[in-house]
Amino acid sequence: MVFKEYITVKDIFGPLMLIEGVEGVTYGELAEVRLSDGQVRRGRVLEIADSCVLVQVFEGTMGLGRDNVRVKFLGKGLEIGVSPDIIGRVFDGAGRTIDGGPNIIPEKRLNVNGSPINPCARDYPSEFIQTGISSIDGLNPLVRGQKLPIFSGSGLPHARLAAQIARQARVPGSPEGFAVVFAAMGVTFEEANYFISNFQATRAIERAVVFINLAEDPPIERLAVPRMALTVAEYLAYELDMHVLIILTDMINYCEALREVSAARKEVPGRRGYPGYLYTDLAAIYERAGRVKGRKGSITQIPILTMPEDDKTHPVPDLTGYITEGQIILSRDLHLQGIYPPIDILPSLSRLKDKGIGEGRTREDHADISNQLYASYARGKAARELAVILGEGALSPLDLAFVDFTEHCNNEFIKQGEEENRSISQTLDIGWWLLGLLPRKDLKRIRKEYSDKYYRKREE
Amino acid sequence: MKEGTVIKVSGPLVVARGLTGTNIYDMVRVGVQKLLGEVIEIRSDEYSIQVYEETEGIGPGQPVYPMGEPLSVELGPGLISSIFDGIQRPLDVISLRLGSYIARGAEYTSLDRTKRWHFIPARKSGDNIRPGDILGTVKETALIEHRIMVPQGVEGKVTVVAEDAYTLDDVVAEVETSTGKVSVKMLQKWPVRKPRQVTKKLPPDQPLITGQRVIDTFFPVAKGGTSCVPGPFGSGKTVVQHQLAKWSDADIIVFVGCGERGNEMADVLLSFPELKDPKSHEPLMGRTVLVANTSNMPVAAREASIFTGITIAEYYRDMGYNVALMADSTSRWAEAMREISCRLEEMPGEEGFPTYLGSRLASFYERSGSVVCMGSDAQGEEGRRGSLSIIGAVSPPGGDLSEPVTQATLRTVKVFWSLDDRLASQRHFPAVNWLTSYSLYQQVVGRFVANKIGAGWDENRTKALRVLQRESELEELVRLVGMEALSPEDMLVMETAKMIREDFLHQNAYHELDTYTSLEKQFHMLDVILKFYSKAQDAVDKGVDPLRLMGVPVKDKISNMRLASEGDMETFRRIEGDIARQVDELVEDRAVGI
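On a predicted model such as this, the values are computed, not experimentally measured, just so you know.

Parameters at a glance
Residues numbered from 1 in each chain as written. Chains lettered and ligands numbered in written order. Predicted model: local features only at pLDDT ≥ 70, side-chain atom pairs only at ≥ 80, totals over all residues. Heavy atoms only, no water. Helix = DSSP H or I, 4+ residues; strand = E, 2+ residues; numbered from the N terminus. Contact = heavy atoms within 4.5 Å. Areas by Shrake-Rupley, 256 points an atom, 1.4 Å probe, with all protein chains shown as cover. Lys, Arg positive; Asp, Glu negative; His and termini not counted. Charge placed at Lys NZ, Arg CZ, Asp CG, Glu CD. Pairing = 2+ DSSP bridges. Patch = residues over 30% accessible without salt bridge, like charges linked within 9 Å, V, L, I, M, F, W, Y side chains within 5 Å. Salt bridge = Lys/Arg side-chain N within 4 Å of Asp/Glu carboxyl O. Buried < 20%, exposed > 50% of the residue type's maximum accessible area, 1.4 Å probe, protein only. Polar contact = N/O pair within 3.5 Å; in protein donor to acceptor, adjacent residues only side chain to side chain. Nonpolar A, V, L, I, M, F, W, Y, C, P; charged D, E, K, R; others polar.

Caption draft 1: Region of interest: the overall build of chain A. Counting secondary structure elements, chain A contains 13 helices and 21 strands. Expressed along its principal axes, the backbone C-alpha trace of chain A runs to roughly 80 × 50 × 40 Å. Long-range contacts, defined as pairs at least 24 residues apart, comprise 72% of the intrachain contacts of chain A with a sequence gap of at least 6. Counting only carbon and sulfur atoms, one obtains 50% of the accessible surface of chain A, whose full area is about 16,700 Å². Counting 56 positive and 62 negative side-chain charges, chain A places the averaged centre of each group 3 Å from the other.

Caption draft 2: Fine view of unusual backbone geometry. Following T249 of chain A, the chain continues into D250 of chain A via a peptide bond in cis, with omega recorded as 5 degrees. Residue position: D250 of chain A is located in the loop between strand 17 (243–249) and helix 5 (251–264). Note that the residue after D328 of chain B, namely S329 of chain B, is joined by a cis bond; omega there is 10 degrees. Positive phi, close to 60 degrees, is recorded for D241 of chain A, a residue that is not glycine. Mapped onto the secondary structure, D241 of chain A falls in the loop between helix 4 (225–239) and strand 17. Its identity as a non-glycine residue notwithstanding, E309 of chain A has a phi of 55 degrees, on the positive side.

Caption draft 3: Looking closely at the sheet that holds strand 16 (residues 180–185) of chain B. Residues and elements named next belong to chain B. The four strands are arranged 10-13-15-16 in an open sheet whose pairing can be described as antiparallel. Edge positions in the open sheet fall to strand 10 (128–129) and strand 16, since each of these has one partner strand only. Note: strand 13 (residues 156–160) against strand 15 (residues 171–177), four bridges, orientation antiparallel. From the neighbouring strand, V158 faces strand 15, where its bridge partner is V175.

Caption draft 4: Representation of a nonpolar patch on the surface within the structure. Judged by side-chain polarity, L477, L480 and V481 of chain B come together as a nonpolar surface patch covering roughly 280 Å² of accessible area. Tracing the sequence through the fold places L477 of chain B in helix 11 (residues 457–481).

Caption draft 5: Here's a closer look at the environment of G153 of chain A. Residues and elements named next belong to chain A. Residue position: G153 is located in the loop between strand 14 (150–152) and helix 2 (158–168). Spatially, the C-alpha atoms of G153 and L443 are 34 Å apart, while their sequence positions differ by 290 residues. If near-sequence neighbours (up to four positions away) are discounted, G153 is found in contact with H158, T306, M307, D310 and R332.

Caption draft 6: Broad picture of the pattern of salt bridges. A full pass over the atoms with the stated rule returns 81 salt bridges over all chains. As a salt-bridge pair, R265 of chain A and E267 of chain A come within 3.5 Å of each other at their nearest N and O atoms. When sorted by exposure, R265 of chain A lands in the same class as E267 of chain A, which is buried. A salt bridge links D318 of chain B to R196 of chain B, with the shortest nitrogen-to-oxygen separation between them at 2.7 Å.

Caption draft 7: The interface of chain B and chain A, seen in detail. In this assembly, 78 residues from chain B lie in contact with 76 residues from chain A. Where chain B meets chain A, there are six salt bridges. For K312 of chain A, the salt bridge goes to D421 of chain B, with nearest N and O atoms at 3.2 Å. If you look at where chain B meets chain A, you find 28 residue pairs in polar contact (both at pLDDT 80 or more). Sorting elements by how many residues they give to the side of chain B that touches chain A places helix 4 (residues 262–271) of chain B first, with seven residues. Tallied by class, residues from the side of chain B that touches chain A come to 26 nonpolar, 27 polar and 25 charged. Taken together, the two bridges between strand 5 (residues 40–49) of chain A and strand 1 (residues 4–10) of chain B define a ladder with antiparallel strand orientation. Each bridged residue has a counterpart across the sheet, and for I48 of chain A the counterpart in strand 1 of chain B is V9 of chain B.

Rendered as structure tokens:
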């Protein structure tokens, strides 16, 4: 097929270029921008009005001019070539291999935008994933097909936590681990390298596909990275029957790229300059997690985002929280106390836990103990705040017991080693051991039959 | 009407030229893929169209086909138990035919045309009928009798077919009107943006009983009323909506999942057929219509989904049913409006939302109400009555209630259930904040309940809220000077407030017994706590140490009364007896100096 080449560039501004006199181009089409020095860049049609086409250039517009550029429209959207050989490979943000291995010979090419899953075709996620981390498994359990982001702050160990999850995640009773798709958007070399070397050291790389867009790489490329990664994940999950865990880091960088394009188009901004369609755009990414009826594989998503100023009301974490099925929030306070993983259990939440836990999945007492640990932890924390103002003398013996419980919970339940992989029954047993610090009659969230079976008063 | 040509594409907005004869809000099919769209603006020869499907692949020069009618929904037997997208395409059919993903340009009729429904005429041939009259009935599900109504503008002498099974396309009646013969089918169409007519609106006078204690007892909503549930993410909006969809005593539930999670819709789809209606023990799906336009589905169809849902709800209201519509979430709907408005380059109002945000929201909520239906059997106060209640979730960014959508909503709705992040993080669910929430239906409901259950309902409610209010004042004090500094009376207030919170307001939606509480049981639960309070007050007056009162064994029973089965009054009587005995013992101990 022959494509017309256009040399009629009118404007170049920010990451965008406007081309005149174009015919037969459609919305969303892929553009190939060829510079006179032979460089090739790719772009996407954002708007067409009559014969004027607005193109967003993924690699950035640096070096482009009105008379050194020829633009071709390829009659299709952005695609990625997939085949079983992509497993174990590392790609850049444009989908080219960068690990020195041979090029991929695609079995087929898939449009990176995907299509929305029909809600009728969704299977409700209900298989518990054991991550080996008590504060997740016990209190905010992850299930296959869930999207559970990690809300972190700068300087917090979210990368270590995500790598630990990727390493340890298993569905109890099922031998196979997860295939990991890792998409890095605008992260530093060090952070990307941490993941890759971690995957290599644990041989997880043999079941991984990695996409890397570093901080120095073109920002607009970040808009394509999660879509490519998800397309690959869908291929692995729904065509090769694998269970996929996809880690997207850092979503803030993605959203900033989106904001950059929006600002260049002079769109009416929403909160903090982010475009009004940020929610819809993020949903198009996050909603690609899930389980589909009749398909063996699944896609579980763990997006990571660093909250500016640890503020979860910032538009990016805020809108993310509205789309994802819960969130794991890291606490600077716990981190400073030397507690790893510093998971702040009170604001953290897993919305899908109820169908994933209980008898036959984890253990019959799981729901009750998780509710009770929360309630007691909250009470202990409130009492401790009171003690800070009034001194411990002002607390009743019962309140002191709750403060003590909270301390133990931080150090025995939340805190664990980076290599420590606790089984779910270990996690729940630690929970009961901690509840033993409290009088039985104050454990209102626990059904009698379970406290009869598991509760043991702890004598100090 | 003429075919047009695309001249501009920008996301979900397409501009076309040459659509002479097409009116504003008319439907069109866009491009070679025939995507469904709606004309939303006309400027000389340029027609702006919001397209309900992803527009990738649409470009200038492609054709636009006019359809000559506004966006309408199909109404008739078969709506119940179905799941539609925002423009009423049957998602279950699409899933069967086209697989797991929603393909573009799918053209399927909303209702099944091949299925035969058993039609039982309600009128005789020769009767004179008018719009809204019930021609006949069809057993749509075990729970719902579908009433086939005479469409708008049709009046005269009728000829009705005999009782038999018919498809939606079969003529079931012919009416000789002044302008000629009109055939009536079981299938009707109605434009979604136009409210359906009623004879008269009435002030709501009955509660919508939800089985949720904090709602029914503290902040009730009336049948035909409106309420909103704003809250930050994770505060349990969706659970509240689902609980209401499951347990409220409406006849029909229309659940609009507007820009929310796909898995939540999957949850409804998978769990509702298994849940049983508490009264009839039939699956809840047999009274539910689902409209699902999840967040990743096209944004313009999200804008339409609310209208699609409410038109279906109005249709069942017109039959004389009590209908409740849940919209989760109206914020996503407002954002869809904002996105389209932005593409139209309209002058933005607050936070980029269009200036007509407030009026659109108000006109949506105004489609609720308790009504006298159309039809000759529905004249006067004794006629056929229906109601449509709207419960809208709002998702304020950052949980900030001062944002435009929440504020515009609060100006219209009568009930406000304010979900609180702090309560949610203590796992106090439903996380309805008792200090900031309100209901303007409380008098109406109070009167109704007093007639049914007995006096004391309103007094108890007022008393309990006063205790909770006092608790929040005292909390400030406790934070400064500690619990010991409180007077014995105030310590008792704190204890009672805690009991109200933990033993009454806290309700576990996932516990088989706790998930639904009848009005009667709600009354007794609160009554027991308040009886304990007044008994303990007397004891404190007689010098009993409040700490000892807090330790009476009956308190364990009080915290377990939520698990008493419905109708088990014996438990409450026993607890009341225990309270009296155990507190009296303490008073006696005190008297003899122990």
